[in-house]
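# Residue-level structural notes
Listed below, chain by chain, are the residues.
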Amino acid sequence: MASDEAAILHQAIGGNPAAFESLVRTYQKKAYIVAYGFVGNREDAVDLAQESFARAFKALNRFDESLPFYPWLHRIIRNVCLNFLRKKRRHGEISLNDMVDKGYDPPDDETPDRTAELGELSKAISAAMFQLPHDQREILVLRHLQEMSYAEIATCLGIPQGTVMSRLHSARVNLRGLLEDVKVSSLGSRKEG
Amino acid sequence: MPNDCDQFQPMMSGRLDGELDELSNQKLQKHLAECPRCSAEYQKLARIVAATDRLRIEIPPDEVWDSFLAGAYNRIERKTGWVAFVVGAVALVVLGIWLFMMEPWASALVKILIAVPVVGLLIIFVSVLRERLFLAKIDRYSREIQR
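A brief look at the structure comes next. (Residues numbered from 1 in each chain as written. Chains lettered and ligands numbered in written order. Predicted model: local features only at pLDDT ≥ 70, side-chain atom pairs only at ≥ 80, totals over all residues. Heavy atoms only, no water.)

Here B:Thr52 shows up in helix H4 (residues 36–53). Setting aside chain neighbours within four positions, we find B:Thr52 in contact with A:Ile125, A:His144 and A:Leu175. (Helix = DSSP H or I, 4+ residues; strand = E, 2+ residues; numbered from the N terminus. Contact = heavy atoms within 4.5 Å.)

What follows covers the state of the cysteines. For the coordinates displayed, the defined rule picks out zero disulfides over all chains. With no disulfide of its own, B:Cys35 lies 3.7 Å from the sulfur of B:Cys38, the closest cysteine sulfur. (Disulfide = S-S within 2.5 Å.)

Another point: helix H3 (residues 22–34) of chain B. Residue and element names in this part refer to chain B. Across its 13 residues, H3 extends 19 Å between first and last C-alpha, which sits within 8% of the 18 Å expected from 1.5 Å per residue. Along H3, the residues classified as buried are Ser24, Asn25, Leu28, His31 and Leu32. Axial view of H3: buried residues confined to an arc of 130 degrees, hence all on one face. Opposite the buried face of H3, at more than 90 degrees from it, the exposed residues are Glu22, Leu23, Lys30, Ala33 and Glu34. Where H3 starts, the residue carrying a side-chain oxygen 3.2 Å from the main-chain nitrogen of Leu23 turns out to be Asp21. (Expected span 1.5 Å × (residues − 1). Buried < 20%, exposed > 50% of the residue type's maximum accessible area, 1.4 Å probe, protein only. Arc of directions from axis to C-beta. Polar contact = N/O pair within 3.5 Å; in protein donor to acceptor, adjacent residues only side chain to side chain.)

A separate point is the environment of A:Gln11. Residue and element names in this part refer to chain A. By the secondary structure assignment, Gln11 is in helix H1 (residues 3–13). Overall, the relative accessible area of 40% leaves Gln11 in the partly exposed class. For Gln11, the residues in contact, after removing those within four places along its chain, are Asn16 and Ala19.

It is worth spelling out the interface of chain A and chain B at this point. Opposite the 69 residues of chain A that make contact, chain B presents 52 residues. Each partner contributes to the roughly 5800 Å² buried at the junction of chain A and chain B, and carbon and sulfur atoms together form 59% of this total. Area buried by chain A at its contact with chain B is led by A:Arg86, A:His144 and A:His169, which between them contribute 11% of it. The interface formed by chain A and chain B contains nine salt bridges. Across the pair B:Glu41 and A:Arg176 runs a salt bridge whose closest N-O atoms are separated by 2.5 Å. (Buried area = accessible area lost by both parts, 1.4 Å probe. Salt bridge = Lys/Arg side-chain N within 4 Å of Asp/Glu carboxyl O.)

Glancing now at the packing of H3(B) against H4(B). All names here are of chain B. Contact pair H3 / H4: the axes reach a minimum separation of 5 Å and the direction vectors enclose 110 degrees. In terms of their interaxial angle, H3 and H4 are classed as roughly perpendicular. In this structure, H3 uses His31, Leu32 and Glu34 to contact H4, whose residues at the interface are Pro36, Cys38, Ser39 and Tyr42. Grouping the amino acids of the contact of H3 with H4 by side-chain chemistry returns four nonpolar, two polar and one charged. (Axes fitted to C-alpha atoms, helices over the stretch in contact; angles between N-to-C directions. Parallel < 35°, antiparallel > 145°, perpendicular 65-115°, else oblique. Nonpolar A, V, L, I, M, F, W, Y, C, P; charged D, E, K, R; others polar.)

This structure, assessed with the given rule, holds 13 aromatic pairs over all chains. An angle of 80 degrees between the planes, with centres 6.4 Å apart, marks the rings of A:Phe57 and B:Tyr73 as edge-to-face. Here A:Phe57, found in helix H3 (residues 42–59), pairs with B:Tyr73, found in helix H6 (residues 68–102), and the two come from separate chains. A relative accessible area of 33% places A:Phe57 in the partly exposed class. A relative accessible area of 24% places B:Tyr73 in the partly exposed class. A cation sits over an aromatic face here: A:Lys30 above A:Tyr70, 4.5 Å from the ring centre. (Phe/Tyr/Trp six-rings, centres within 6.5 Å; stacked < 30°, edge-to-face > 60°. Lys NZ or Arg CZ within 6 Å of the ring centre and 35° of its normal.)

Under the definition given, this model contains 14 salt bridges over all chains. Close ionic contact of A:Glu21 with A:Arg25 constitutes a salt bridge, the shortest N to O distance being 3.8 Å. Taken together, the residues A:Glu21 and A:Arg25, both in helix H2 (residues 17–39) and four residues apart, mark about one turn of the helix. On the basis of relative accessible area, A:Arg25 is assigned to the partly exposed category, the value being 38%. Between A:Glu51 and B:Arg75 there is a salt bridge, with the nearest N and O atoms lying 3.0 Å from each other. Of this pair, A:Glu51 sits in helix H3 while B:Arg75 sits in helix H6, which puts the two residues in different chains. The burial state of A:Glu51 is the same as that of B:Arg75; both residues are buried. One network of salt bridges, in which partners are shared, links A:Asp47, A:Glu51, A:Arg55, B:Arg75 and B:Lys79.

Geometrically, a packed helix pair is captured by the angle between its two axes and the distance between the axes. All names here are of chain A. For the pair H2 and helix H6 (residues 134–145), the least separation of the axes is 9 Å and the interaxial angle reads 145 degrees. Both H2 and H6 take part in a crossing whose hand is right-handed. Between H2 and H6, the residues in contact are Ile33, Val34, Gly37 and Phe38 and His134, Arg137, Glu138, Val141, Leu142 and Leu145, respectively. Of the residues in the contact of H2 with H6, the class split is six nonpolar, two polar and two charged. (Left-handed = near helix turned anticlockwise from the far one by under 90°.)

The next point concerns a nonpolar patch on the surface. All names here are of chain B. Taken together, Leu92, Leu95, Ile97, Trp98, Phe100, Met101 and Met102 make up a surface patch of nonpolar side chains, about 740 Å² in accessible area. Here Leu95 shows up in helix H6. Judged by relative accessible area, Leu95 falls into the partly exposed class, the value being 45%. (Patch = residues over 30% accessible without salt bridge, like charges linked within 9 Å, V, L, I, M, F, W, Y side chains within 5 Å. Areas by Shrake-Rupley, 256 points an atom, 1.4 Å probe, with all protein chains shown as cover.)

Structure, rendered in structure tokens:
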């Protein structure tokens with residue numbers, strides 16, 4: 001953990017509102033992205049990210065300062081989202097927005113055909129992701145949207161790096177199965193360009 | 001798929017993510033060169049990884065982030081308010097029960113005013129307890145929530 005974050009955390013635990021505010025500012029978008037990965041829409045994801053910080057604030061005095069902050073916060077976000085999904089599912093009220101590749105800047109050497117092909121595939125993946133078990137969806141979000149390394153994901157989820165690799169692989173194999181079910185053409189056997 | 005191919009499966013993801021160590025990388029590369037089936041599998045996986053890398057979540061505009069902290073503080077305040085309210089309500093109910101039992105001066109009307117919220121609270125408590133017990137049996141999330 002960076003020493004300046006450790007100092008901010010120490011102050012936040014001591015009840016300094018400015019320090020807590022600094023933690024919120026640092027992690028608010030990360031928290032939102034994780035929540036979005038669980039619930040699939042912007043409004044709920046913002047609410048759940050706020051709720052997670054409210055719970056983190058309440059539990060800060062139980063936080064072990066020798067450990068990194070984000071994995072602890074991530075567990076709170078995860079629990080808040082799972083509780084939310086449990087309640088929503090009971091009432092059948094889940095709404096999902098697609099994740100899109102809007103804003104993605106393709107590499108210069110990418111052909112227009114390949115850009116179109118991957119664009120189609122991304123769209124199909126964004127819909128299929130919400131059919132995956134939540135632990136597989138979560139690890140895909142950490143890897144592809146948070147751009148975390150295996151070591152960072154392992155720390156965040158409290159699992160060995162080998163499990164990170166196998167869980168990511170299972171998620172991708174399941175995704176491929178779901179996409180083949182809907183016959184996504186870009187999953188054909190053409191060689192990599 | 002032959003059994004010895006199984007061990008190379010997760011390594012394909014490791015390689016595509018650039019997280020595979022050199023030795024494993026070489027073993028996988030050799031296997032892919034010899035096994036057309038795994039090679040085809042690898043190509044499909046590569047497309048999935050490339051397409052998943054392009055996913056972007058809609059990030060809310062700046063106004064949402066400007067008021068984000070205030071929203072979190074509102075929740076903290078509301079929670080504090082609810083805790084104070086519940087503690088106060090429970091204390092009042094306990095006091096009411098004590099008066100109900102011990103004070104002969106309490107009129108029938110006072111006793112009814114005390115009994116009604118107590119009975120109401122008991123009904124809510126039993127209902128919530130029953131729902132929790134029922135959900136604990138069927139809830140697929142309960143084991144996954146980390147306490």
